[in-house]
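Tertiary structure, described
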Amino acid sequence: MKRIYISQTLKSTGGSAKVSGWVNSIRSHGKIIFIDIRDITGVLQMVISPSNKDIYEKAKQIRPEWVIEAAGKINERPKNMENPDIETGKVEMSVEELNVLSKAETLPFSIESEGYDISEEIRMKYRYLDLRRERLRRNMIMRQKVIQFIREFLIKEGFIEIETPILTKSTPEGARDFIVPSRLQPGSFYALPQSPQQYKQLLMVSGIEKYFQIARCFRDEDPRGDRQPEFTQLDLEMSFADEEEILKLVENLYINIIKDIFPQKKILQIPFPRISYSEAMKEYNSDKPDLRKNKNKDELAFAFIVDFPMFEWKKEENRWDAVHHPFTRPKTDNIDEIKKNPDKILAYQYDFVLNGFEIGGGSLRSYKPEVLEAVFEVMGHKKKDIHQKFGHMLTAFKYGVPPHGGIAPGIDRFMAILLNEPNIREVIAFSKTGDSRDLMMGAPDIVNDEQLKELKLKITKKKK
RNA sequence: GCAGCCGUAGCUUAGCUGGCUCAAAGCGCUGCCCUGUCACGGCAGAGAACGUGGGUUCGAAUCCCAUCGGCUGCGCCA
């Protein structure tokens, strides 16, 4: 007999079925034994009576979380014995065949609860067990649904999904890079991408016009509840689009995600309010204001913060820096003006905000080489450095670059908000600690001397 | 890098103004009893270097120092 999902057993009522899964719980009454079996789709009550001696003796040995398969009749339960709490509560399996596929030791913690009552340290160490928990399983499935929806939506809009390299080049601006030593070029290093920013802009030069990617990004900064060293964002870029077109697309996408996947949530304002940066700072003293009135969990207050300043003064470094990044297009292409009054220059830059969290940011990009160079100059880069670090961009822009822009909404934070989770670790299958460790894998870890030798690396100071 | 909180059976916690509770409880686990439960029930039992190292003291889970680990926030996060 072919194994079916537990959720399908309802359709087999009156007939026979075979299911496989984990033992969710056992209730033994001396003679009659109830075993709840669990698979990805749900839980089913199995009944074992002493009349079938072989099965009964086998069932007595079974313990929670063992992996078993069972076949038998799917019967309607007697009327007063239905369980409205589970999907298959109207039926049960009368077991006629029972096999143990794999035994299990007692789990290090209970997976019946939501998990709030168990320390995160131990949950992360045994994350594969933690993921058996209903709450985590739901989070993974909902996350996948959202990503699937995004894919289908954008592809319908004419976007092309393209993978960009994970091994790439360190960029001097922005967050600290994770670096990867090169074996074939000893002394040189790759960097993991903080975002596919430059690649996606170069794809615009390639004529892709509408690109997207569910992109993993890496930043070697200290994590927070809403920040991980590696995270996922919906990275997208469009040619010939203005700010309005990009924001409308995102607005439309997110309205439909909510409608389709989270119908119980209420979007407070449609269209999403557009608030200028200066207005937001004046009115809310924040560039990611929480616009909900009642702070209700089912309320969603989306907003776009627009018209960010192009530059900010960095006191410690005594120089101007890009608020967003140097590729952002200033609202003027008057080179003299940019160089003379950096503080007065606004940018085509926008943040995407939800319930007081920044869930994305984007901009139109500078596509005129002279504007890009002026921006770098304001930021204190020497011509020579500009060409060393960004020469490929400037060169590319010489060969016919369309005006372009994009946005990159984060997936993790968005999911945490929608699923009412207190931090993004709960929506990431294998997340890292506040110290960027992976407690389950034991990463990061030392490498052996042979590996170091190949890379021509020497560790001068070892942590004890 | 800085600050705060936390670390006692498998899990969650009590004890922590030092000795008579250097260990207790609930859940889980093991065994026995129980034919309809679904947080099954009943009885019995096993299970703890009190994160680690050092110090103070006649005596430390309890006080001090260091260290390791977890969480939160600041710095940082183009």
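As a starting point, this report considers the structure included with it. (Residues numbered from 1 in each chain as written. Chains lettered and ligands numbered in written order. Predicted model: local features only at pLDDT ≥ 70, side-chain atom pairs only at ≥ 80, totals over all residues. Heavy atoms only, no water.)

Remark: helix 5 (residues 197-205) packs on helix 10 (residues 383-396), axes separated minimally by 10 Å, with the N-to-C direction vectors making an angle of 20°. In terms of orientation, helix 5 and helix 10 fall into the roughly parallel class. Pair helix 5 / helix 10 crosses with left-handed handedness. Here helix 5 contributes Gln-198, Gln-201, Leu-202 and Val-205 to the contact with helix 10, which in turn contributes Phe-390, His-392, Met-393 and Ala-396. When grouped by side-chain class, the residues that make up the contact of helix 5 with helix 10 number five nonpolar, three polar and no charged. (Axes fitted to C-alpha atoms, helices over the stretch in contact; angles between N-to-C directions. Helix = DSSP H or I, 4+ residues; strand = E, 2+ residues; numbered from the N terminus. Parallel < 35°, antiparallel > 145°, perpendicular 65-115°, else oblique. Left-handed = near helix turned anticlockwise from the far one by under 90°. Contact = heavy atoms within 4.5 Å. Nonpolar A, V, L, I, M, F, W, Y, C, P; charged D, E, K, R; others polar.)

Among the residues of helix 9 (residues 369-378), those classed as buried are Val-371, Leu-372, Ala-374, Val-375, Phe-376 and Val-378. Count one or two residues on from helix 9 and you reach Gly-380, which has phi positive near 90°. (Buried < 20%, exposed > 50% of the residue type's maximum accessible area, 1.4 Å probe, protein only.)

Attention now goes to the protein's contact with RNA strand B. By nearness alone, 46 residues border RNA strand B, and Ser-28, Glu-121, Gly-174, His-324 and Arg-437 come closest of all. For RNA strand B, the backbone makes up 57% of the atoms found within 4 Å of the protein, where backbone means sugar plus phosphate. A distance of 2.6 Å separates a base nitrogen of RNA strand B from a polar atom in the backbone of Met-81. At the level of elements, strand 1 (16-28), helix 2 (120-125) and strand 16 (319-322) are the ones that each hand at least two residues to the surface near RNA strand B. (Near = heavy atom within 4 Å. Polar contact = N/O pair within 3.5 Å; in protein donor to acceptor, adjacent residues only side chain to side chain.)

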